[in-house]
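Single-letter residue listing:
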Amino acid sequence: AEEPVRRDDHRGLARVSHGVRAAVATGENLTSASQFVPLLLNEAADRGLAASDKEVQEAIFEIPGMKDDSGAFIGEETYKRFVRANGYTVRDFEDSMRRQIVLTKLNAIFSSTLLVSEADVERSYREQAERAAVRYLVLPATRFQSQATLSPSEVASYFERHSAQFRLPPQRVVNYLLVDTVRTRAKMTFEKADLESYYNSHLDEFKQEEQVRARHILLKIDDSRTAEAAEAAILAARKRIDAGEDFAKLATELSDDPASKPRGGDLGFFGRGRMIKEFEEAAFNAEPNSLVGPIRTSFGFHLIQVLEKRAAGQKPFAEAEAQIRSRLAAERADSQAQAKAAELAARISAEGLTTEAQLKALADDDTVMFITTPPFGVDEVVAGIGRGTPFSAAAFALEAGKPSAPVKIARGFAILSLVSETPARLPALAEVEARVRPAALRAKAGELALARLAQARGALASGKSLDDVAKELAVEVKESGEFGHAGTIEGLPDSRALIAAALAGKAGDIGAPIQTEQGAVLFQITERKGFDAAAFAAERTQTREALERNEVNRLLGSIIEQRKREAKVQYDKPLLEQFGMLGDEAKGT
């Protein structure tokens, strides 16, 4: 049992607890990131780095609270109690301190070998200090799609210039036997006694709340109809119903509720909490076969006809029968299909059935079907299956002549067999023209949008304002807010080119039109903060230190990558980024 902290130790415990937790935090974090700490410790060991007991002791002595007011160590027993009281064993705490010391030494070696030039420091400072803001407008390329036409030679030229975009990934074709759960379910029959037995043993599932069945006519209040006009129209509809006209017919004619209108306004049965408050209260307070309204809600004005009411209680078997049949069929169909697929997989394996003819012979074209896929990549949509499913993963794990185990898919269970595989390749234009032509048309429309903004820029130079041009183009002028080299512009995610151009200009400049994913952009620089030599001189040291830390982390990231390849292990990128130990190269930026 751990020795408790003595009453007279509480003041010291309060002093030391923060220091212990802070000291061990880094070690705990690194220890939990088991994917890469062993790699870095191996690197340190290869370089002969270690932490002696004396170094560990000295590091512990430096933790706030480990010395008394006279500067002497608080004593071994008190030290042990304090460490334990903070949730650590002495061994774990000291092991963590030892790891920190080793990793700190490794970090120091990297820092001492890095050369950060003055030009690098100034560039880094500029990237942080230089700021700009713009007013801009976006002219969507989609406006020019009807004007964008392409000749066959232009399509071919676009494909030649952008062929890498249309490179086909490694692809596979597979045969598969599908045990279809939907068809299996359709063939299922149940004796009424079985359904009644399920009902009686699951009575709690068939308790029902108080419910109302109603139909309604809704007249919305919107830009095309004022509240006064909507109320007058709904009152007129009520008079027609009171005079004998059919409610359902009027709902089909007048209602603004697209869901219930085709059904004569019928909403079916609903319980409390399903409808907006005013509507619910009116419906539940009315008697069957009564007409209520007009009722005003946030949607508009309603007339409500209450058709039936159900009291809270047990749903009768007659009403639950179809639900029970459907539920049992779904459960049993899935189980039967899985069992059938397992039986087929076992037979295929035992009898060595691998040819297309052999697998086709196992299909009955009823609940078991034989299907061949078109070629597909691991991240591409498979016809009838979808994208990124276990089916694709199983297909790309297949070996020739070795069918897969049953794989669950939306339609049932599949047993896959490899037909062919092709490596990544550059296709002929004819194979991908259906993808190339739309892309080329979008590019052509973008060029037309850029040309139109080039004309608009000339008008700005002649004295027009950006607002004048925006009005002519029927677009909106937007404000970017201040940004730097690594910033973004809200509402314009693809803004790197615009940011670079703005930071290369000066306040008042009208930039050349830029193509973005959102469309062609015309902008005017409204604010520009440049390089301040005096401010740079004052912050040179801090900038250099930050840059050196980044370079150390970049180097650590590359070492982790190399060690990972050597050890053939995987690591958690988000975790590395969290601890600042993944360089830009490893991040893929």
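One structure accompanies this document, and this report is about it. In this text the structure is predicted, and so the values were computed from the model without any measurement.

Along the backbone of the protein there are 21 helices and 14 strands. Of all 589 residues assigned to the protein, the portion counted as buried reaches 38%. In the protein, the share of contacts with a sequence separation of at least 24, taken over all contacts with a separation of at least 6, comes to 73%. When the accessible area of the protein is evaluated, it comes to approximately 32600 Å², of which 50% is carbon and sulfur surface.

Looking now at the pattern of salt bridges. For the coordinates displayed, the defined rule picks out 30 salt bridges. We note a salt bridge from D53 to R98, for which the minimum N-O separation is 3.0 Å. Note that D53 is positioned in helix α3 (residues 53-61) and R98 in helix α5 (residues 90-113), a separation of 45 residues in sequence. Residue R98 is classed as partly exposed on the basis of its relative accessible area of 27%. Note that K464 and E472 form a salt bridge whose closest N and O atoms lie 2.2 Å from each other. With relative accessibility at 47%, the residue E472 sits in the partly exposed group.

Across the 9 residues that make up strand β1 (residues 131-139), a large majority, 7, are buried. In terms of strand pairing, β1 meets strand β14 (residues 519-529) through 9 bridges, oriented antiparallel. Bridge pairing in β14 places R135 opposite Q524. Examined bridge by bridge, β1 and strand β12 (residues 478-479) share 2 bridges and lie antiparallel to one another. For Y136, the partnering residue across the bridge sits in β12 and is K478.

This paragraph deals with the sheet that holds strand β5 (residues 266-271). Here we have 4 strands laid out as an open sheet, ordered β5-β4-β7-β6, and antiparallel in their pairing. Each having just a single partner strand, β5 and β6 (291-296) make up the two edges of the open sheet. Between one strand axis and the next, the sheet turns through 35° on average, direction left out of account. Both strand β4 (residues 211-220) and strand β7 (residues 300-310) contribute to a ladder of 10 bridges, which runs antiparallel. Across the sheet, the residue bridging to Q211 is R310, located in β7. Across the sheet, helix α10 (residues 227-242) touches β4, β6 and β7, and the angle it forms with β7 is around 40°. The strands touched by helix α11 (residues 247-254) within the sheet are β4, β6 and β7, with β4 carrying the most contacts at an inclination of about 40°.

The strand order across the open sheet formed by 4 strands is β9-β2-β11-β10, and the pairing between neighbours is antiparallel. Edge strands, defined here as strands with exactly one partner in the open sheet, are β9 (368-372) and β10 (407-409). Pairwise comparison of adjacent strand axes, ignoring direction, gives a mean angle of 35° for this sheet. When strand β2 (residues 171-180) meets strand β11 (residues 412-422), the two strands line up antiparallel, connected through 10 bridges. By the bridge assignment for β11, V173 is matched with S420. Contacts between helix α13 (residues 317-351) and the sheet are confined to β2, β9, β10 and β11, with β11 contributing the most and set at about 40° to the helix.

Let us now look at the packing of helix α7 (residues 152-161) against helix α16 (residues 429-461). Packing of α7 against α16 brings their axes to within 9 Å, and their N-to-C directions diverge by 95°. Relative to α16, the element α7 lies roughly perpendicular. Residue-level inspection shows E154, V155, A156, Y158 and F159 of α7 in contact with α16, the latter providing L429, V432, E433, V436, R437, A439, A440, A443 and K444. Taken together, the residues of the contact of α7 with α16 break down into 10 nonpolar, no polar and 4 charged.

Let's shift gears to the nonpolar core. Within the largest apolar cluster, 20 residues are counted, with the highest numbers of intra-cluster contacts made by V56, I60, M66, Y79, V83, F93 and M97. Of all elements in the fold, only α2 (37-46), α3, α4 (76-85) and α5 reach the threshold of two or more residues within this core. In terms of residue count, the dominant contributor to this core is α5 (7 residues). Within the second largest apolar cluster, 18 residues are counted, among which are V469, V475, A520 and L522.

Below, the discussion takes up the packing of aromatic side chains. According to the stated counting rule, one finds 12 aromatic pairs in the structure shown. Ring plane angle 40° and centroid distance 4.7 Å describe the contact between F61 and F73, whose orientation is recorded as tilted. Of this pair, F61 sits in helix α3 while F73 is found in the loop between α3 and α4, placing the two residues 12 residues apart along the sequence. Taking relative accessible area as the criterion, F61 reaches 24% and is therefore assigned partly exposed. Residue class for F73 comes out partly exposed when judged on its relative accessible area of 30%. Ring geometry for F531 against F536: centres 5.5 Å apart, planes inclined by 50°, an arrangement best described as tilted. Looking at F531, the relative accessible area reads 26%, which means it is partly exposed. Of the residues examined, F536 reaches a relative accessible area of 4% and is grouped as buried. Each member of the aromatic cluster is reached from another via a ring pair, and the members are F61, F73, Y79 and F93. Its guanidinium or amino end placed over the ring of F284, R272 lies 4.2 Å from that ring's centre, counting from NZ or CZ. Here R310 stacks its cationic end above the ring of F269, 3.6 Å away from the centre of that ring.

On to the packing of helix α9 (residues 192-201) against α13. Axis separation between α9 and α13 bottoms out at 9 Å; the angle between their running directions is 100°. In this view, α9 runs roughly perpendicular relative to α13, as classed from their interaxial angle. For the pair formed by α9 and α13, the contact residues are K192, L195, E196, Y198 and Y199 on the first element and F317, A320, E321, I324, R325, R327 and L328 on the second. Residues of the contact of α9 with α13, tallied by class, amount to 7 nonpolar, no polar and 5 charged.

Calculation notes
Along each chain, residue indices are assigned from 1 in the same order as the chain's sequence is written. In view of the model being predicted, local features appear only for residues whose pLDDT reaches at least 70, and side-chain atom pairs are presented and counted only at 80 or more, with totals across whole chains, interfaces and linings using the full set of residues. For side-chain calculations, the full set of non-hydrogen atoms in the structure is used, while hydrogens and water are omitted. Here a strand is any run of E in DSSP of at least two residues, a helix any run of H or I of at least four, and the numbering for each starts at the N terminus. Under the scheme applied here, a residue whose accessible area is under 20% of the maximum for its type counts as buried, over 50% as exposed, and between as partly exposed, the area being computed with a 1.4 Å probe on protein chains only. Any two residues whose heavy atoms approach within 4.5 Å at even a single point are treated as in contact. For accessible areas, the Shrake-Rupley method is used with a probe of radius 1.4 Å. Any residue's cover is judged against the shown protein chains and nothing else. The term salt bridge refers to a side-chain nitrogen of Lys or Arg lying within 4 Å of a carboxyl oxygen of Asp or Glu. Each pair of strands is called paired provided DSSP finds at least two bridges between the two strands. Axis geometry follows a simple rule: fit a line to the C-alpha atoms, using only the stretch in contact for helices, then measure angles between N-to-C directions, giving values from 0 to 180 degrees. Note that the term roughly parallel is reserved for angles under 35 degrees, roughly antiparallel for angles over 145, roughly perpendicular for angles of 65 to 115, and oblique for everything else. Each residue is assigned to one class: nonpolar for Ala, Val, Leu, Ile, Met, Phe, Trp, Tyr, Cys and Pro, charged for Asp, Glu, Lys and Arg, and polar for all the others, Gly among them. We define the nonpolar core as a collection of buried residues of types Ala, Val, Leu, Ile, Met, Phe, Trp, Tyr and Cys that are connected through side-chain atoms lying within 4.5 Å of one another. Two aromatic rings, drawn from Phe, Tyr or Trp (for Trp, its six-membered ring), form a pair once their centres lie within 6.5 Å of each other, and the interplanar angle then sorts them: stacked below 30 degrees, edge-to-face above 60, tilted otherwise. Ring-over charges, as used throughout, are those where CZ of Arg or NZ of Lys falls within 6 Å of the ring centre and within 35 degrees of the ring normal.

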